[in-house]
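Here's the letter readout for the chains.
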There are 2 protein chains.
Amino acid sequence: MQPLPPAESLNQRLADIGLRSTPQREVVYSELLRKRDHPTAEEVFARVKSELPTISLATVYNCLETLVQCELVRAVNFERSPTRYCPNLRPHAHFHDEQTGRTYDIDLPPAVLSEVNQVLPAGFDASSVEITFRGQARPAS
Amino acid sequence: MQPLPPAESLNQRLADIGLRSTPQREVVYSELLRKRDHPTAEEVFARVKSELPTISLATVYNCLETLVQCELVRAVNFERSPTRYCPNLRPHAHFHDEQTGRTYDIDLPPAVLSEVNQVLPAGFDASSVEITFRGQARPAS
DNA sequence: TGTCCTATTTGGAATAATTCCAATTCCAAG
DNA sequence: CTTGGAATTGGAATTATTCCAAATAGGACA
């Protein structure tokens, strides 16, 4: 029950949903894993160009969308700013620092998650819940 | 400690932050209160035109932004879809029905809200938290 | 190995929501 | 009245993203 190494798990997940493994998908995914600072598509694009100089922005968007479908990556939205991408698979909330714009992952204990889900009245069936804080961060770490 | 009637409270809030009361702001606000279905700016624009035929879309955006500053209205974002506006001042989460696109307010008991806020490590000071469910709704009401 | 078929990538155009801007218009105070 | 700042207006600009049609790339199979 160890997590698979990234490349393994990517190839596996792609195969699971009938998609191919490609250099573009691999590079985009490993870039997300390398620097987990919730980059935008444009930022990922800039970063992967050194590895794959001919990659296009459209492909970066495609790959990111594919990774989201594979459930290896979460798309995160703050207000109207560009979508950011996050390869953290543990249940977590996001904290958006209003001064710096930085985003932090906040682990969500199962107990809290289940209490949150209990606020839903009968007839509401949630497939996902997203919790987003905004404020000022001065993290110890 | 009764809530003030809407117009009162709007004029009050505007005055508090040094802004004027205008027909546009009043009409936009009362339209939000009249049909609380989380309309987009375009939808508000369409609805207020009968009352104020010369109002412009830019003004609707301005007014909505002003109401948000007054803290009489919350801006709600789902993924990348257009911002929706919500005049519900009670602490609540949003439930986004993936089939119909409809949005429901879900009351948040203070206990849940405070438990959610407790997941924040030291050094994280949240000014607001937004909880969004996605899924399928078949509400009793 | 070569061929074919389809998935994928690519670049550029198109779209959609929102913001910007400069020119009026509107008030409210003096 | 006049005047100064606030607010509104219409249209242009911006930004993130999606769309699209053409080119490329891989894998299956003869």
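Since the model is a prediction, treat every value here as computed from it, not as a measurement. Along every chain, residues carry numbers that run from 1 in the direction the sequence is written. By the order in which they are written, chains take letters starting at A while ligands take numbers starting at 1. Thresholds applied to this predicted model are a pLDDT of at least 70 for local features of residues and 80 or more for the giving and counting of side-chain atom pairs; totals over whole chains, interfaces and linings are not thresholded and use all residues. Side-chain metrics in this entry use all non-hydrogen atoms of the structure; hydrogen atoms and water are not considered.

### Focus on the overall build of chain A
Piece 1. Of regular secondary structure, chain A possesses 5 helices and 5 strands.
Piece 2. Numbering of helices and strands runs from the N terminus; a helix is a DSSP stretch of H or I covering at least four residues, while a strand is a stretch of E covering at least two. The linear arrangement of helices and strands in chain A, starting from the amino end, is α-α-α-α-β-β-β-β-α-β.
Piece 3. Projecting the C-alpha coordinates of chain A onto the three principal axes gives extents of approximately 45 × 40 × 30 Å.
Piece 4. The buried share of chain A, taken over its 141 residues, is 39%.
Piece 5. In this description, contact between two residues means that some pair of their heavy atoms is separated by no more than 4.5 Å. Here the analysis covers contacts within chain A between residues at least 6 apart in sequence; of these, 44% occur between residues at least 24 apart. Exposed residues in this analysis have more than 50% of their type's maximum accessible area, buried residues have under 20%, and partly exposed residues fall in between, with area computed by a 1.4 Å probe over protein chains only.

### Concerning the relation of the copies chain A and chain B
Piece 1. Alignment of the copies relies on least squares applied to C-alpha atoms, considering only residues that score at least 70 for pLDDT in both. The transform that puts chain A on chain B rotates by 180° and translates by 0.0 Å along the axis, for an RMSD of 0.1 Å. Interpreted geometrically, this transformation is the action of a two-fold axis. Among all residues of chain A, the minimum C-alpha distance to the rotation axis is found for I131(A), at 2.3 Å.
Piece 2. Most of the interface of chain A is mirrored in chain B, where 100% of its interface residues are also at the interface.

### Topic: the sheet that holds strand 5 (residues 124–137) of chain A
Piece 1. Reading across from one edge, 4(A)-3(A)-5(A)-5(B)-3(B)-4(B) is the order of the 6 strands in this open sheet, with mixed pairing throughout. Two strands lie at the open edges of the sheet, namely strand 4 (103–107) of chain A together with strand 4 (103–107) of chain B, each paired on one side alone. With direction set aside, neighbouring strand axes in the sheet form an average angle of 30°.
Piece 2. Where strand 5 of chain A lies against strand 5 (residues 124–137) of chain B, 13 bridges are found, and the strand directions are antiparallel. Across the sheet, residue V129(A) finds its bridge partner in strand 5 of chain B, namely F133(B).
Piece 3. Against the sheet, helix 5 (residues 110–117) of chain A engages strand 5 of chain A together with strand 5 of chain B, with an angle of about 120° to strand 5 of chain A. Criterion used throughout: strands pair if DSSP finds at least two bridges between them. To define axes, lines are fitted to C-alpha atoms, for helices over the stretch in contact only, and angles between the resulting N-to-C directions are given on a 0 to 180 degree scale.

### Considerations on the protein's contact with DNA strand C
Piece 1. If even one non-hydrogen atom of a residue comes within 4 Å of a molecule or strand, that residue is called near it. Around DNA strand C sit 17 residues, and of these R20(A), T22(A), R25(A), T59(A) and Y61(B) come closest.
Piece 2. If you look at DNA strand C and keep only atoms within 4 Å of the protein, 79% of those are sugar or phosphate atoms.
Piece 3. Any pair of nitrogen or oxygen atoms within 3.5 Å is treated as a polar contact; in protein, a donor-acceptor pairing is required on top of that, and neighbouring residues in sequence qualify only through side-chain atoms on both sides. Q24(A) places a polar side-chain atom, nitrogen or oxygen, 3.1 Å from a sugar or linking oxygen of DNA strand C.
Piece 4. For the surface near DNA strand C, the secondary structure elements donating two or more residues are helix 2 (23–34) and helix 4 (57–69) of chain A together with helix 4 (57–69) of chain B.
Piece 5. Each residue gets one of three labels, nonpolar for Ala, Val, Leu, Ile, Met, Phe, Trp, Tyr, Cys and Pro, charged for Asp, Glu, Lys and Arg, and polar for the others, Gly among them. Its residues assigned to classes, the surface near DNA strand C shows 7 nonpolar, 7 polar and 3 charged.

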